[in-house]
Amino acid sequence: MEREGLTINPAKTCQPIGAMYAALGIHGCLPHSHGSQGCCSYHRSTLTRHYKEPVMAATSSFTEGASVFGGQANLLQSIETIFAVYDPEVIAVHSTCLSETIGDDLQQITKKASDDGKIPEGKYVIYASTPSFVGSHVTGYANMVSGMAEQFAVSTGAKTEQINIVAGWMEPSDMREIKDIAKAMGAKILLFPDTSDVLDAPQTGKHEFYPKGGVTIDGLKSSGDSKCSLALGCISAEPAAIALDKKCKVPFETVDMPIGLSATDRFVMALSKAAGVKVPAEITAARGRLVDVMADMEQYLHGKKVALFGDPDQLIPLTEFLLDLGMKPTHIVSGTPGMRFEKRMQEILERAPYANFKNGLGADMFLLHQWIKNEPVDLLIGNTYGKYIARDEQVPFVRFGFPILDRIGHSYFPNVGYMGGLRLVEKILGVLMDRQDQEALEEKFELVM
Amino acid sequence: MEAKIHLPDPSLIKEELIGKYPAKVAKKRSKSIVINDPETVPEVQANVRTVPGIITQRGCSYAGCKGVVLGPTRDIVNIVHGPIGCSFYAWLTRRNQTRPESPTDENYINYCFSTDMQEENVVFGGEKKLKVAIQEAYDLFHPKAIAIFSTCPVGLIGDDVHAASREMKEKLGDCNVFGFSCEGYRGVSQSAGHHIANNGVFKHMVGNNNTPVEGKFKLNLLGEYNIGGDAFEIERIFEKCGITLVASFSGNSTVRAIENAHMADLNVILCHRSINYMGDMMETRYGIPWMKVNFVGAESSAKSLRKIAEYFGDADLKARVEEVIAEEMPKVKAVIDEIRPRTEGKTAMLFVGGSRAHHYQDLFTELGMTTVAAGYEFAHRDDYEGREVLPNIKIDADSKNIEELKVTADPELYRPRKTEAELEELKAKGLEINGYEGMMKQMLRKSMVVDDVSHYESERLIELYKPDIFCAGIKEKYVVQKMGVPLKQLHSYDYGGPYTGFEGAVNFYRDIDRMVNNPVWKLIKAPWEQEAAEALEANYVA
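From a predicted model like this one, the values you see are computed outputs, not experimental measurements.

Reading the values: the criteria
- Residues numbered from 1 in each chain as written.
- Chains lettered and ligands numbered in written order.
- Predicted model: local features only at pLDDT ≥ 70, side-chain atom pairs only at ≥ 80, totals over all residues.
- Heavy atoms only, no water.
- Helix = DSSP H or I, 4+ residues; strand = E, 2+ residues; numbered from the N terminus.
- Rg over C-alpha atoms; globule rule 2.2 N^0.38 Å.
- Contact = heavy atoms within 4.5 Å.
- Areas by Shrake-Rupley, 256 points an atom, 1.4 Å probe, with all protein chains shown as cover.
- Lys, Arg positive; Asp, Glu negative; His and termini not counted.
- Charge placed at Lys NZ, Arg CZ, Asp CG, Glu CD.
- Axes fitted to C-alpha atoms, helices over the stretch in contact; angles between N-to-C directions.
- Parallel < 35°, antiparallel > 145°, perpendicular 65-115°, else oblique.
- Nonpolar A, V, L, I, M, F, W, Y, C, P; charged D, E, K, R; others polar.
- 1 Å grid on protein atoms, 1.4 Å probe; cavity = no way out; pocket = protein on both sides within 12 Å on 5 of 7 lines; lining within 4 Å.
- Points joined across faces, edges and corners; volume = space filled by probe spheres on them.
- Phe/Tyr/Trp six-rings, centres within 6.5 Å; stacked < 30°, edge-to-face > 60°.
- Buried < 20%, exposed > 50% of the residue type's maximum accessible area, 1.4 Å probe, protein only.
- Domains from an automatic or database assignment.
- Left-handed = near helix turned anticlockwise from the far one by under 90°.
- Pairing = 2+ DSSP bridges.
- Core = buried A, V, L, I, M, F, W, Y, C linked by side-chain atoms within 4.5 Å.
- Polar contact = N/O pair within 3.5 Å; in protein donor to acceptor, adjacent residues only side chain to side chain.
- Buried area = accessible area lost by both parts, 1.4 Å probe.
- Salt bridge = Lys/Arg side-chain N within 4 Å of Asp/Glu carboxyl O.

A.B. asks: Can you explain the overall build of chain B? Please cite residues and give values.
C.D. replies: Looking only at helices and strands, chain B has 22 helices and 14 strands in total. A globule of 542 residues ought to have a C-alpha radius of gyration of about 24 Å, and chain B, at 24 Å, matches this closely. Restricting the contact set of chain B to residue pairs at least 6 apart, pairs at least 24 apart contribute 77%. Per element, the accessible surface of chain B, about 20,500 Å² overall, is 51% carbon and sulfur. Here chain B contributes 66 positive and 78 negative side-chain charges, whose respective centroids are spaced 2 Å apart.

A.B. asks: Explain the side chain of A:His331 to me, using residue names and the numbers behind them.
C.D. replies: Summarising the element assignment, A:His331 is placed in strand E11 (residues 328-334). If we skip the residues at most four places from it in the chain, A:His331 touches A:Val306, A:Ala307, A:Leu308, A:Asn356, A:Leu368, A:Trp371, A:Ile372, A:Glu375 and A:Val377.

A.B. asks: Please give an account of the packing of helix H14 (residues 312-324) of chain A against helix H15 (residues 339-348) of chain A that cites residues and values.
C.D. replies: Think of two packed helices as two axes; the pair is described by the angle between the axes and how far apart they sit. Residues and elements named next belong to chain A. H15 packs onto H14 with a crossing angle of 5 degrees between their chain directions and a minimal axis gap of 10 Å. With respect to their mutual orientation, H14 and H15 come out roughly parallel. Counted together, Pro 312, Leu 315, Ile 316, Thr 319, Glu 320 and Leu 323 of H14 and Phe 341, Arg 344, Met 345 and Ile 348 of H15 form the full contact between these two elements. Of the residues assigned to the contact of H14 with H15, the class counts are 7 nonpolar, 1 polar and 2 charged.

A.B. asks: An account of empty space enclosed by the protein is needed here, citing residue identities and associated values.
C.D. replies: Residue and element names in this part refer to chain B. Scanning the model with the defined rule gives 11 cavities of 30 Å³ or more in all. Lining of the second largest cavity is provided by 18 residues; of these, Lys 66, Gly 71, Ala 90, Leu 92 and Ile 109 occupy positions nearest its centre. Counting residues per element, the ones that place at least two in the lining of the second largest cavity are helix H3 (61-70) and strand E2 (76-81). Residue composition of the lining of the second largest cavity, by class: 8 nonpolar, 6 polar and 4 charged.

A.B. asks: Explain the packing of aromatic side chains to me, using residue names and the numbers behind them.
C.D. replies: Counted under the stated rule, the structure contains 37 aromatic pairs over all chains. Measuring from centroid to centroid gives 6.4 Å for B:Tyr360 and B:Tyr499, while their planes differ by 80 degrees, and the two rings are edge-to-face. A residue pair is termed long-range when its members are at least 10 positions apart, and B:Tyr360 in helix H15 (residues 356-366) and B:Tyr499 in the loop between strand E14 (487-489) and helix H21 (501-516) qualify at 139 residues. A centroid spacing of 4.6 Å and a plane angle of 40 degrees characterise the contact between B:Tyr493 and B:Tyr499, whose relative ring orientation is tilted. Of the two residues examined, B:Tyr493 and B:Tyr499, each falls in the buried class. Connected via pairs of aromatic rings, a cluster forms that spans A:Tyr42, A:Tyr385, B:Tyr62, B:Phe88, B:Tyr89 and B:Trp91.

A.B. asks: Requested: an account of the layout of surface pockets, with residues and values cited.
C.D. replies: Sizing a probe to match a water molecule and rolling it over the atoms shows the empty space that remains. A volume near 1,300 Å³ is recorded for the largest pocket. When contributions to the lining of the largest pocket are tallied by element, the ones reaching two or more residues are helix H16 (365-374) and helix H17 (386-393) of chain A. Here the lining of the largest pocket is built from residues that sort into 14 nonpolar, 11 polar and 8 charged. Considering only enclosed or pocket space, the second largest pocket measures out at about 940 Å³ in volume. For the lining of the second largest pocket, the secondary-structure elements that each account for two or more residues are helix H9 (190-204), helix H12 (272-286), helix H16 (381-385) and helix H17 (397-400) of chain B. Among the elements that take part in the lining of the second largest pocket, H12(B) stands out by supplying 5 residues, more than any other. Broken down by class, the residue content of the lining of the second largest pocket amounts to 13 nonpolar, 10 polar and 13 charged. Shared between two domains, the lining of the second largest pocket takes at least three residues from each, and those domains are domain 1 (61-204) and domain 2 (218-339 + 387-428) of chain B.

A.B. asks: Mind laying out the packing of helix H12 (residues 281-296) of chain A against helix H18 (residues 417-439) of chain A, listing which residues take part and the relevant values?
C.D. replies: All names here are of chain A. Where H12 meets H18, the closest approach of the two axes is 9 Å, and the angle between their N-to-C directions is 15 degrees. As summarised for this structure, H12 and H18 are arranged roughly parallel, according to the angle between their axes. H12 and H18 meet at a crossing whose hand is left-handed. Between H12 and H18, the residues in contact are Ile 283, Ala 286, Arg 287, Arg 289, Leu 290 and Val 293 and Tyr 418, Gly 421, Leu 422 and Val 425, respectively. Its residues placed into classes, the contact of H12 with H18 shows 7 nonpolar, 1 polar and 2 charged.

A.B. asks: Would you mind going over the sheet that holds strand E5 (residues 176-180) of chain B in detail, with residue names and values included?
C.D. replies: In space, the 5 strands of this open sheet follow the order E1(A)-E3(B)-E2(B)-E4(B)-E5(B), with mixed pairing throughout. Either end of the sheet is taken by a strand with one partner, and the two such strands are strand E1 (7-8) of chain A together with E5 of chain B. In this sheet, strand E4 (residues 145-150) of chain B lies alongside E2(B) in parallel orientation, the contact comprising 6 bridges. Directly across from B:Asn78, in E4(B), lies its bridge partner B:Ala147. Against the sheet, helix H6 (residues 127-141) of chain B makes contact with E1 of chain A together with E2, strand E3 (113-114), E4 and E5 of chain B, and its axis sits at roughly 155 degrees relative to E2(B), the strand it touches most. Of the strands in this sheet, E2, E4 and E5 of chain B touch helix H8 (residues 161-172) of chain B, which is tilted by about 175 degrees from E5(B).

A.B. asks: How would you summarise the nonpolar core if you had to cite specific residues and measurements?
C.D. replies: With 174 residues, the main nonpolar core has A:Phe192, A:Phe267, A:Leu380, A:Ile381 and B:Phe249 as its most contacted residues. Not counting residues up to four positions away in its chain, the partners in contact with A:Leu380 are A:Ala307, A:Phe309, A:Leu368, A:Ile372, A:Gly386, A:Ile389, A:Ala390, A:Val395, A:Pro396, A:Phe397 and A:Val398. Formed by 70 residues, the second largest nonpolar core is a distinct cluster that contains B:Val293, B:Ile325, B:Ala379 and B:Tyr436.

A.B. asks: Go over the sheet that holds strand E13 (residues 469-472) of chain B, please, and point to the residues and values.
C.D. replies: Residues and elements named next belong to chain B. In spatial order, the strands read E1-E12-E11-E10-E13-E14; together these 6 strands make up an open sheet with mixed pairing. With one partner strand each, in any of the chains shown, strand E1 (33-35) and E14 form the two edges of the open sheet. Direction aside, neighbouring strands of the sheet carry axes that sit 20 degrees apart on average. Judged from the 3 bridges that link them, E1 and strand E12 (residues 448-450) form a sheet pairing that is antiparallel. Considered in E12, the bridge of Ile 33 is made with Val 450. Strands in contact with helix H1 (residues 10-18) are E1 and E12; relative to E1, the strand with the most contacts, it is inclined by about 170 degrees. Sheet strands in contact with H15 are strand E10 (347-351), strand E11 (370-375) and E13, and its direction is about 160 degrees off that of E10.

A.B. asks: Please provide a residue-by-residue account of the side chain of B:Arg74, values included.
C.D. replies: All names here are of chain B. Mapped onto the elements, Arg 74 comes out in the loop between H3 and E2. Polar contacts involving the side chain of Arg 74 include one to the side chain of Asn 252, which spans 3.0 Å. Among all residues touching Arg 74, those that are not within four sequence positions of it are Thr 98, Arg 99, Pro 100, Glu 101, Glu 106, Asn 107, Tyr 108, Ile 109, Asn 252, Ser 253 and Thr 254.

A.B. asks: Account for the domain arrangement of chain B, with residues named and values stated.
C.D. replies: All names here are of chain B. In terms of domains, chain B is made up of domain 1 (61-204) and domain 2 (218-339 + 387-428). Distance from the C-alpha centre of domain 1 to the C-alpha centre of domain 2: 27 Å. Taken residue by residue, the interface counts 29 residues in domain 1 and 31 residues in domain 2. Between domain 1 and domain 2, the buried area comes to about 2,600 Å², and carbon and sulfur atoms account for 60% of it. Linking domain 1 with domain 2 are 1 salt bridge. As a salt-bridge pair, Glu 403 and Lys 203 come within 3.8 Å of each other at their nearest N and O atoms. Elements with a minimum of two residues in the side of domain 1 that touches domain 2: H3 and H9.

Take a look at the structure:
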């Protein structure tokens, strides 16, 4: 049944949580939600469950009065309270459906805060517009990343050798891996945002309100002088690269997020070209190890049907990787809308003309479940909510994406790069081969596989 | 009551807590931070606006309405009218367990329904889309009831969810459709949403079904949401005692049971904050008294069972309750005897909810632990000081916006279950009939009571008191644990439980023992860091 009004079991959430996540990738930043208290509470809770780490953020605590008369007084009070009590380097304000509906202008309010002397010398308040009734959590992330680029980047006129790498929505482990790859290649990069060493902080017996990680404000300022930008993902990263190009004439290239073999190849090539460095032998060897495993284990992967759901910049390269593994991406759903996403996905799916793909309104997990019932699959890949479909349909399940609420690992072990590809193959093989072991008849139970 | 352990000077602590705030903020917060005296309970500022930017634990009205009160009933299709996030975040995150009687029974607990409001709906109105969504939900599932929850933009753009619900209810014929104006900005916390939910459930559900209920001792369980299976344990105990549970509001409940709730002869209230309105309204309309009980803690559970038996005044029930307690308690005592030597003398802090911060103190007492500071996230003064302060509570602009239903006695169904004289007699026996004495009378002199604690205050409290365990929610969990102090989540129970009744108490004792005595807390420093610290200390001493 086609639905026009009702979404059931969404494959997306709303913009502000993405803005909050992105802002945590700036060092010394306190994200701030300009709306009702519930938004901030829900976003912090979801991010906390996903990372099992402190997620600090503040809220304008709208009441009915603020909703009628505007939230300016609340935001000004917030800014004053936050700088007095929590002393951040920067407050990153994002809007919500409430403040957008009543028409609060964040630019004007932050300017007023500055004019009124509520922003201490050397401190900053940045903002992004993230109404919940537009886009998804992914576009909210993109908006905040654009905001940080636009509002901090300065062009001094002297270009540097630095390359901006705009991280699409990925895990701290992925950001760490991107930095490691660049280091191995000898490329001088500025990665932003960067949630490594923020959302994977060590246990020391002391709570660091502002953990050591995150892109610095000086770093962000310097992005305007970088010789070019590489955006990792056309939905969550490219808008910031475009903003930098517009403001500071930093040319950019967009590549898919480096998940799986081919996308990582393209990322490595792009970085090598941009930085004018050769790809070192250790990277080639890492690639070789991934291809080796793909070749050795192809029999367990070949022709297996996969259903997957999640976010655009992950689904695009993941689908391609599944095809490289000889698997069949059969049903694909994402709640995130966007022509750009659709187009890129269609390019990838030229190799899989049999695939069902839907994104945007109506592309929810209820639809995915119906598709799976009509045409069963061998594997399900997606966030934690997939476990209900996996249980109903008895499908092996690999957790991937956001949010993952019931397992750990995603914040510590990367999915990007060749190592990330290896981890994905290991996880996929793990659930498929466990299933084979469970279902094998006594006489067909294999020791060596 | 004086503390057996040494408590730091509370007035100095209070100064520490507010010292860093701007003057106006400090002035406001100082009224919510009080030093307890159980004999003459001081006034606590509660249920007032949170200071913007202070980093609060609180959520919104929608969370209280949909997430807390309506969420646990398994056979209502709960459609959230608004952008996608509100429904997404409340999707299965509260651990409301439910157990359908048969596999074919309706159960929508695992589903998330939303109108996924888009910009065009905000500009041109979303009522049309809402009605389509209701129709689609009906066509797909044919539920007994569909509830609509308004999120922030809905109230602002003027969508009338009540009119849309009425229209669809009429159109569908065999499906009860009703709406809630629980926009996130209403009130100052989840608490507003509880009240709005109570009103809606009372108006649209309670009293819809007059089928008599079998049973000699019939009651409703109010303010129990079956997190981690809490209601299952209470159901087990009731069944053992021969007490008939007509309806639960709302853990493991069904539409049919709630519609039938007015057939009960007593309402027992667990979470006073979230459901007291229902108790009052049912008393006025149907003549069913309510009584505050507590099934958190083994002794408290025994006491509550005795109170229930006393209320019904039946010798057989009293005897049966004593038998059940005698059967259950030895198992509990055995575990306490084993664990208590490891927990005795330790300290706890509880900053959570609107009821839990009070009742979980009973469990800590049973373990020989002391609560040094506590406070609620969204409670009112009566939850701290006792219901006797109700007439003195100033109704501010935020509370005024929440509807107070005008309830009158039902001309046919009103039947006082007890006479005034009988009720007075029961009260004289110590039963909290239509009453609640609040948290503070149970807490030690000089302990700290902090309402709507901020992040800053909780960190300072931990530094100053160094408690052995801190109880709060998911947002606080890893912050506090990073400080080397275990945090017990009292919303989600860290995915454990149940914690109610006798079996629940045992679960809690074991969890707390495991947490406060966990070897990991001694492993935080690396051996080389320890060595360096020891060397430094040796140098200093020399």
